[in-house]
Amino acid sequence: FFTTSGSLMPIYANTTNGVVQSTLTSSITASDNIIVTVAYKNNTNINGTTTLKFIPGPFARLEVKASPSELPADGVSKATIIAQMQDQYGNNIASAGNNITLTTTAGSFANGLTTITALTNVNGQAVVELTAPLATYGTTTITASKGAISGSTQISLVSPAFDNKIKLKSGWNLISVPKILQN
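In this text the structure is predicted, and so the values were computed from the model without any measurement.

(A) Representation of the overall build of the chain. Secondary structure assignment for the chain yields 1 helix and 13 strands. Counted from the first residue to the last, the chain has its helices and strands arranged as β-β-β-β-β-β-β-β-β-β-β-β-β-α. Burial status across the chain gives 26% buried among its 183 residues. A fraction of 53% describes how many contacts in the chain between residues 6 or more apart in sequence connect residues 24 or more apart. Surface summary for the chain: the accessible area is close to 12,300 Å², and the carbon and sulfur share equals 52%.

(B) Fine view of the side chain of Gln 84. Among the structural elements, Gln 84 can be located in strand β8 (residues 78-86). Residue classification places Gln 84 among the buried residues on the basis of a relative accessible area of 4%. Among the polar contacts made by the side chain of Gln 84, one reaches the main-chain carbonyl oxygen of Asn 123 at a distance of 3.0 Å. Among the polar contacts made by the side chain of Gln 84, one reaches the side chain of Gln 125 at a distance of 3.1 Å. Ignoring anything within four residues of it in the chain, the contact list for Gln 84 reads Arg 61, Leu 62, Glu 63, Asn 92, Ile 93, Asn 123, Gly 124 and Gln 125.

(C) The arrangement of the nonpolar core in detail. By size, the foremost hydrophobic cluster in this structure holds 24 residues, and its most contacted members are Ile 81, Ile 100, Leu 102 and Ile 155. For this core, the secondary-structure elements that each account for two or more residues are β6 (61-67), β8, β9 (99-104), β10 (115-119), β11 (125-131), β12 (138-146) and β13 (149-158). With 4 residues, the single largest contributor to this core is β8. Residue contacts for Leu 102: discarding those within four places in its chain leaves Ile 81, Phe 109, Thr 114, Thr 115, Ile 116, Ala 118, Val 128, Ile 142, Thr 143 and Ala 144.

(D) Structural detail: the environment of Gln 88. Summarising the element assignment, Gln 88 is placed in the loop between β8 and β9. For Gln 88 and Arg 61, which are 27 residues apart along the polypeptide, the C-alpha to C-alpha distance reads 6.5 Å. Setting aside residues up to four positions removed in sequence, Gln 88 forms contacts with Pro 58, Ala 60 and Arg 61. At a separation of 3.1 Å, a polar atom in the side chain of Gln 88 contacts the side chain of Tyr 89.

(E) Quick look at the sheet that holds β12. The strand order β7-β13-β12-β9-β10 describes an open sheet built from 5 strands, whose pairing is mixed. The sheet is open, and its two edges are formed by β7 (70-72) and β10, each paired on a single side. Neighbour-to-neighbour, the strand axes of this sheet turn through a mean angle of 30°, independent of strand direction. Pairing between β12 and β13: 9 bridges, direction antiparallel. Among the inter-strand pairings, Thr 143 is bridged to a residue of β13, identified as Ser 152.

(F) Focus on the environment of Ala 161. The residue Ala 161 is located in the loop between β13 and α1 (179-182) in this model. In the structure, Ala 161 is positioned 89 residues away from Pro 72 in sequence and 7.6 Å away in space, judged by C-alpha atoms.

The rules we used
- Residues numbered from 1 in each chain as written.
- Predicted model: local features only at pLDDT ≥ 70, side-chain atom pairs only at ≥ 80, totals over all residues.
- Heavy atoms only, no water.
- Helix = DSSP H or I, 4+ residues; strand = E, 2+ residues; numbered from the N terminus.
- Buried < 20%, exposed > 50% of the residue type's maximum accessible area, 1.4 Å probe, protein only.
- Contact = heavy atoms within 4.5 Å.
- Areas by Shrake-Rupley, 256 points an atom, 1.4 Å probe, with all protein chains shown as cover.
- Polar contact = N/O pair within 3.5 Å; in protein donor to acceptor, adjacent residues only side chain to side chain.
- Core = buried A, V, L, I, M, F, W, Y, C linked by side-chain atoms within 4.5 Å.
- Pairing = 2+ DSSP bridges.
- Axes fitted to C-alpha atoms, helices over the stretch in contact; angles between N-to-C directions.

See the structure below:
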């Protein structure tokens, strides 16, 4: 017996009533196109090949990512948050229609909400946008959960960049401040 992924036990076996048996154990990584070959050698060489697929195990964790991972705290900048369903080994689980609840400690999701429920897409991902808060600096933590399973990520909230220009509204005049008042 030979395989391109996982392990076979035993790799050599005798036939019993024309049947030979070996157990294929998957590696921790889900993958496609695993080829298993059986070769029988007696007076002739007889080979057989089949293709298998290792699939992810049951849902065990949520991997949460934010892009970008730093936002200006300007009340308008946005980050995309992706919560990915995974098995215990970190293999992505493609499963649509699962409710994932997301919460944030600063900023907001759609309609100004700090908690939102999103459905997973065909890739097992819940995708939402987070809008940065206004003038709240530091870190916000975004937590995704499904039942008792949760995961989180953080976004740094930084001071917005200023262009060092004063902009006057129409009808406003710039006045100078005497040097005496500047000290």
